[in-house]
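# Architecture at a glance
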Amino acid sequence: MKKIDSKRVWQGESWYLQLDSLLLANGQVVEKGAVIHPGSVVLVPIRPFSDGRYEVLMIKQYRHVLDQTILELPAGTREWDEPFLDCAQRELQEEVGYRAEQFDLLGEVWPAPGFTNELMKIYLAQSLHHDPLVGDVDEEIEVVPMPLDELMIMIKDGRIQDAKTIISLQKTARFLRLNH
């Protein structure tokens with residue numbers, strides 16, 4: 001398969017829709033749409049309890065494509081030339097109101113490679129200090145601190161369905177088991 005043509009058909013604030021013409025091995029030409037995305041970050045802001053357990057600062061946010069408010073981890077899209085770590089700090093301050101002294105990269109994932117090139121980098125954010133920035137005008141966010149062990153139960157029983165949140169919390173639990 002070979003890309004023979006691309007055209008931008010719609011431009012959003014932070015990503016765009018591209019229509020690609022692809023030449024198949026049999027000589028047939030097909031068209032496929034693609035969301036071209038600058039990448040994003042997912043944040044797992046944690047605070048330790050005195051008993052060795054951890055609290056995660058989750059958010060409740062309305063998601064218009066679902067027409068409901070969901071419990072999820074804070075996340076956000078980076079600017080095209082913005083370093084991922086700078087985006088992580090900015091999004092943490094905008095969505096949760098905290099700055100982190102320590103970030104650990106837990107991994108990278110493609111959330112939907114069938115239609116977008118978006119790369120998500122997952123960061124564990126520790127040593128948190130209150131330092132809010134003004135958030136996006138279209139986001140109404142409620143910060144909800146929750147024990148990590150309770151969140152893992154919510155993943156197992158289906159109360160958390162957001163894929164980025166599920167994988168990020170699972171990576172966090174594994175990281176903490178191996179490193180603390």
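So, here is what we can say about the structure in this document. Treat the numbers as computed from the prediction; the structure is a model and nothing was measured.

## Notes on helix α3 (residues 163-179)
Helix length check: α3 (17 residues) gives 24 Å between terminal C-alpha atoms against 24 Å at 1.5 Å per residue, within 8%. All of the buried residues along α3 are Lys-164, Thr-165, Ser-168, Leu-169, Thr-172, Ala-173 and Leu-176. Within α3, the buried residues cover an arc of 155° as seen down the axis, which keeps them to one side. Exposed side of α3, more than 90 degrees from the buried face: Ala-163, Arg-174, Arg-177 and Leu-178 are the residues found there.

## A word on the sheet that holds strand β3 (residues 29-36)
What the three strands build is an open sheet, ordered β1-β2-β3; its pairing is antiparallel. One side of each edge strand has no neighbouring strand; the edge strands of this open sheet are β1 (2-11) and β3. Direction aside, neighbouring strands of the sheet carry axes that sit 25° apart on average. Across eight bridges, the pairing between strand β2 (residues 16-23) and β3 is antiparallel. Within β3, the residue paired with Leu-17 across the bridge is Val-35.

## Quick notes on the packing of helix α2 (residues 148-156) against α3
In the contact formed by α2 and α3, the axes pass within 10 Å of each other and the chain directions differ by 135°. By the angle between their axes, α2 is oblique relative to α3. The handedness of the crossing between α2 and α3 is left-handed. In contact with Leu-148, Leu-151, Met-152 and Ile-155 of α2, α3 contributes Ile-166, Leu-169, Gln-170, Thr-172, Ala-173 and Leu-176.

## Brief notes about the side chain of Ser-40
Along the chain, the position of Ser-40 falls in strand β4 (residues 40-48). One polar contact links Ser-40 to Glu-118, side chain to side chain, over a distance of 2.6 Å. Setting aside residues no more than four positions away along its own chain, Ser-40 makes contact with Gly-76, Thr-77, Arg-78, Phe-84, Glu-118, Leu-119, Met-120 and Lys-121.

## Details of the pairing of strand β6 (residues 68-72)
Two elements, strand β5 (residues 54-63) and β6, share five bridges in a ladder whose sense is antiparallel. Within β6, the residue paired with Tyr-62 across the bridge is Thr-69. Linking two consecutive strands that pair antiparallel, namely β5 and β6, is a turn of four residues; a positive phi of about 55° is found at Asp-67 within it.

Analysis parameters
- Residues numbered from 1 in each chain as written.
- Predicted model: local features only at pLDDT ≥ 70, side-chain atom pairs only at ≥ 80, totals over all residues.
- Heavy atoms only, no water.
- Helix = DSSP H or I, 4+ residues; strand = E, 2+ residues; numbered from the N terminus.
- Expected span 1.5 Å × (residues − 1).
- Buried < 20%, exposed > 50% of the residue type's maximum accessible area, 1.4 Å probe, protein only.
- Arc of directions from axis to C-beta.
- Pairing = 2+ DSSP bridges.
- Axes fitted to C-alpha atoms, helices over the stretch in contact; angles between N-to-C directions.
- Parallel < 35°, antiparallel > 145°, perpendicular 65-115°, else oblique.
- Left-handed = near helix turned anticlockwise from the far one by under 90°.
- Contact = heavy atoms within 4.5 Å.
- Polar contact = N/O pair within 3.5 Å; in protein donor to acceptor, adjacent residues only side chain to side chain.

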